[in-house]
Amino acid sequence: MRTRLFPALAALCLAAALFAQESPRADLQRDFVMVVAKHDYDLHPHTANYSSEAQVLSGLYEGLFSYDPQTLEPVPALAAAHKISRDKKRWTFTIREGAAFSDGEPITAQSVRDSWLRLLATPAAPYASLLDSIRGARDFRTGAVGASDVGIVARDERTLVVSLDAPMAHLPSVLCHHAFAAMSGKDGVYSGAYCLRASEDDRIVLEKNPHYWDAQNVALPSITIIASNDPKENVWLFNTGRADWIVSMADANSLLNKPALRIAAEFGTEYLFFACRGAVWSNAAFRNALVAAVPWDVLRAQALVSAATLIYPLVGYPAVEGLTDTSLEDAQDLMARARKEAGIPADELLPLVFAITDSERMRKEYEILREAWAPLGVDVQCQKTSEERYLHSIPSWNADLFTYSWIGDFADPLAFLELFREGSTLNQTAWKNPQFVRLLADAAETTDGAERNKLLAQAEQVLLDDGVVLPLSHSVCLHVISPTAVGGWYANALDIHPFKYIHFKAETSTVPNVVRR
């Protein structure tokens with residue numbers, strides 16, 4: 001999922017111990033107030049694309065699986081059970097008995113099928129291609145076949161059968177994502193633990209869904225989400241008991257309850273990427289000449305956790321050779337060779353447009369690269385827009401280099417590699433590489449986990465070696481939330497915290513001058 005481009009706050013401490021699980025006390029539960037960064041929130045599961053939106057949608061909608069709040073492992077949600085065929089290409093899901101939408105209408109296998117087909121038919125749906133392993137899904141979303149040709153079948157009210165072209169061991173993890181939730185097709189109707197009561201100005205209000213299948217285990221009666229980009233004001237709300245959770249936008253120095261500050265690394269990466277549109281920067285030889293000249297230590301100096309590779313290291317994922325070497329001499333040799341092969345004179349100035357926001361951090365990145373690439377005969381120019389418009393502008397922006405920040409939607413390398421697969425709805429680069437596509441296809445065919453990781457690592461190496469991405473940093477998340485007052489909230493790699501598990505605990509404050517409601 002895309003993250004907002006707000007600058008990372010300075011790290012003051014690492015996350016404390018995880019909260020212990022407990023049964024919520026009913027008498028302690030009240031409206032829970034969350035403060036988030038201000039931007040336009042898209043709360044449609046099929047088109048929403050930001051991590052901040054995913055957090056809200058985790059309360060409003062639910063699919064066959066949902067995230068365990070601590071481990072992020074998929075746990076049964078609308079699917080009470082499932083089985084997999086011997087060839088791993090047919091999944092049969094049993095819909096939970098009694099599952100219903102917020103208007104009381106039953107959630108059936110047909111409800112899930114219809115939701116997925118609407119997703120595939122939505123042109124602006126960024127995550128639709130994650131279902132491409134389903135038989136006929138890609139052809140349907142590109143208009144080549146009809147809905148009846150898609151391998152998603154409602155056998156009866158409670159049985160959904162999904163047929164795949166290739167094994168997909170990580171399917172349950174993918175189906176945790178809000179894009180694959182059950183939707184009724186009617187406005188104002190939800191399948192999750194909460195309903196949207198109000199959304200106006202800078203405030204979103206959720207209320208508990210009485211028809212939710214697991215409503216008896218949902219503690220909070222309502223959740224109020226305040227959008228604010230004022231770090232001092234946000235912390236004042238927390239210090240005075242008017243807010244229970246702040247996401248990102250917090251002035252840590254003003255915080256009275258220091259143990260409430262929680263900072264942790266995420267399964268995410270900020271990187272630059274080339275839009276492979278023009279003749280020069282679509283050519284890997286020219287891109288790699290620039291990569292060789294990048295002063296990586298200088299460019300990554302602002303990072304809390306610097307990144308030489310695209311994918312944050314995972315257990316069992318082979319090491320990939322990242323981008324760390326800088327040599328102007330090598331870069332000049334590579335550029336001379338690229339110019340000769342392309343028939344471009346050695347003294348011809350090559351324009352490169354770097355799309356940036358008007359932030360100090362990005363202006364500095366522009367200056368670093370402009371200076372580094374000038375000896376190669378490259379004229380780096382910048383074009384600016386606001387942080388609010390930046391990410392939405394990328395598809396139509398006639399620039400050559402962009403910045404991007406991505407948090408994996410499931411703890412798997414494919415959550416990043418899918419961004420560069422030819423034909424993917426997430427691919428912003430227009431990059432095409434047959435070897436990369438073949439490695440992803442081979443990885444999809446194998447049922448051996450170690451072999452699959454090996455193939456995915458090779459695909460990442462192809463991506464890096466082709467000079468398409470310039471990794472800068474791995475993401476860091478900052479939260480302010482009291483471990484003594486709130487339960488069911490855990491630091492995790494995807495920074496997703498399902499609302500259904502959050503609850504208030506009995507608390508005795510030992511922090512001076514803190515007012516708790």
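Above: the structure in question.
Heads up: these notes are all about the structure in this document. (Residues numbered from 1 in each chain as written. Predicted model: local features only at pLDDT ≥ 70, side-chain atom pairs only at ≥ 80, totals over all residues. Heavy atoms only, no water.)

1. Re the packing of aromatic side chains
Argument step 1. For the structure on display, the rule yields 21 aromatic pairs.
Argument step 2. A centroid spacing of 5.0 Å and a plane angle of 80° characterise the contact between F267 and F416, whose relative ring orientation is edge-to-face. Highlighted residues: F267 in strand β12 (residues 261–274) and F416 in helix α11 (residues 414–417), separated in sequence by 149 residues. For the pair formed by F267 and F416, the shared burial category is buried.
Argument step 3. When the centroid spacing of 5.9 Å and the interplanar angle of 55° are considered together, the rings of Y271 and Y404 count as tilted. Of the two residues, Y271 sits in strand β12 while Y404 sits in strand β15 (residues 401–407), which places them 133 residues apart along the sequence.
Argument step 4. One cation-aromatic arrangement involves R30 over F504; the distance from NZ or CZ to the ring centre is 4.0 Å.
Argument step 5. One Lys or Arg, R96, reaches over the ring of W213 and ends 3.8 Å from the middle of that ring. (Phe/Tyr/Trp six-rings, centres within 6.5 Å; stacked < 30°, edge-to-face > 60°. Helix = DSSP H or I, 4+ residues; strand = E, 2+ residues; numbered from the N terminus. Buried < 20%, exposed > 50% of the residue type's maximum accessible area, 1.4 Å probe, protein only. Lys NZ or Arg CZ within 6 Å of the ring centre and 35° of its normal.)

2. Examining the packing of helix α6 (residues 284–293) against helix α8 (residues 328–342)
When two helices pack together, you describe them by how their axes are tilted relative to each other and by the distance separating the axes.
Argument step 1. Where α6 meets α8, the axes come as close as 8 Å, and the angle between the chain directions of the two elements is 165°. With respect to α8, the axis of α6 lies roughly antiparallel. In this structure, the crossing between α6 and α8 has a hand that is left-handed. The segment α6 lies against α8, with A285, F286, N288, A289, L290, A292 and A293 engaging A331, L334, M335, A338, R339 and A342.
Argument step 2. Looking at side-chain class alone, the contact of α6 with α8 contains eleven nonpolar, one polar and one charged residues. (Axes fitted to C-alpha atoms, helices over the stretch in contact; angles between N-to-C directions. Parallel < 35°, antiparallel > 145°, perpendicular 65-115°, else oblique. Left-handed = near helix turned anticlockwise from the far one by under 90°. Contact = heavy atoms within 4.5 Å. Nonpolar A, V, L, I, M, F, W, Y, C, P; charged D, E, K, R; others polar.)

3. A short note on the pairing of strand β9 (residues 203–208)
Argument step 1. When strand β8 (residues 194–200) meets β9, the two strands line up antiparallel, connected through six bridges. Residue pairing for β9: C195 is matched across the bridge by E207.
Argument step 2. In textbook terms, the turn of a hairpin is the stretch between consecutive antiparallel strands, and for β8 and β9 this stretch comprises two residues, one of which, D201, has a positive phi near 50°.
Argument step 3. Sheet topology places β9 next to strand β10 (residues 222–227); five bridges connect them, and they run antiparallel. From the neighbouring strand, L206 faces β10, where its bridge partner is I223. (Pairing = 2+ DSSP bridges.)

4. What to know about the sheet that holds strand β7 (residues 159–163)
Argument step 1. Pairing is antiparallel across the open sheet formed by four strands, whose spatial order is β4-β5-β7-β6. Strands at the two margins of the open sheet, each flanked by one partner only, are β4 (79–84) and β6 (152–156). Strand-to-strand twist in this sheet, taken as the mean axis angle between neighbours without regard to direction, amounts to 20°.
Argument step 2. Examined bridge by bridge, strand β5 (residues 90–95) and β7 share five bridges and lie antiparallel to one another. Note on β7: the bridge partner recorded for T94 is T159.
Argument step 3. Sitting on the sheet, helix α2 (residues 109–120) touches β5, β6 and β7, and the angle it makes with β6 is about 165°.

5. Examining the nonpolar core
Argument step 1. Counting 121 residues, the largest nonpolar core has L64, F93, W116, F180, W373, V378 and F420 as the members making the most contacts within it.
Argument step 2. Here this core takes seven residues from helix α13 (residues 449–465), the largest share from any one element.
Argument step 3. Sequence-distant contacts of F420, defined by excluding residues within four places in its chain, comprise Y271, L310, N427, T429, W431, F436, L463, V468 and V469. (Core = buried A, V, L, I, M, F, W, Y, C linked by side-chain atoms within 4.5 Å.)

6. Quick notes on the side chain of H170
Argument step 1. Inspection of the secondary structure assignment puts H170 in the loop between β7 and α4 (171–174).
Argument step 2. Residues within four places of H170 in sequence aside, it is in contact with F410, D412, L414 and R452.

7. Considerations on the packing of helix α12 (residues 434–445) against α13
Argument step 1. Look at α12 against α13: their axes get within 8 Å of each other, and the N-to-C directions meet at 165°. As the angle between them shows, α12 and α13 are arranged roughly antiparallel. Crossing of α12 against α13: the hand is left-handed. On α13, the residues that touch Q435, F436, L439, L440, D442 and A443 of α12 are R452, L455, L456, Q458, A459, V462 and L463.
Argument step 2. Partitioning the contact of α12 with α13 into residue classes produces nine nonpolar, two polar and two charged.

8. What about the pattern of salt bridges?
Argument step 1. Under the criterion given, the structure shown has 17 salt bridges.
Argument step 2. Close ionic contact of D132 with R141 constitutes a salt bridge, the shortest N to O distance being 2.8 Å. The pair formed by D132 and R141 is uniform in burial state, with each residue classed as buried.
Argument step 3. With its nearest N and O atoms 2.8 Å apart, the salt bridge here joins R452 to D412. With R452 in helix α13 and D412 in the loop between β15 and α11, this residue pair connects regions lying 40 residues apart in the sequence. For the pair R452 and D412, a shared accessibility class is recorded, and that class is buried.
Argument step 4. Shared partners join several salt bridges into a network, and the residues in it are D132, R141, E418 and R421. (Salt bridge = Lys/Arg side-chain N within 4 Å of Asp/Glu carboxyl O.)

9. Brief notes about empty space enclosed by the protein
Argument step 1. Under the defined criterion, the tally for this structure stands at three cavities of 30 Å³ or more.
Argument step 2. In this structure, the largest cavity encloses a volume near 210 Å³.
Argument step 3. Considering the residues around the largest cavity, the lining is formed by 19 residues, among which S58, Y61, S66, Y67 and C176 are closest to the centre.
Argument step 4. Those elements that provide at least two residues to the lining of the largest cavity are α1 (51–60) and β2 (65–67).
Argument step 5. Here the lining of the largest cavity is composed, by residue class, of twelve nonpolar, five polar and two charged.
Argument step 6. In this model, the second largest cavity occupies a volume close to 50 Å³.
Argument step 7. Taken together, eleven residues form the lining of the second largest cavity, with A264, C477, H479, W489 and A491 sitting closest to its centre. (1 Å grid on protein atoms, 1.4 Å probe; cavity = no way out; pocket = protein on both sides within 12 Å on 5 of 7 lines; lining within 4 Å. Points joined across faces, edges and corners; volume = space filled by probe spheres on them.)

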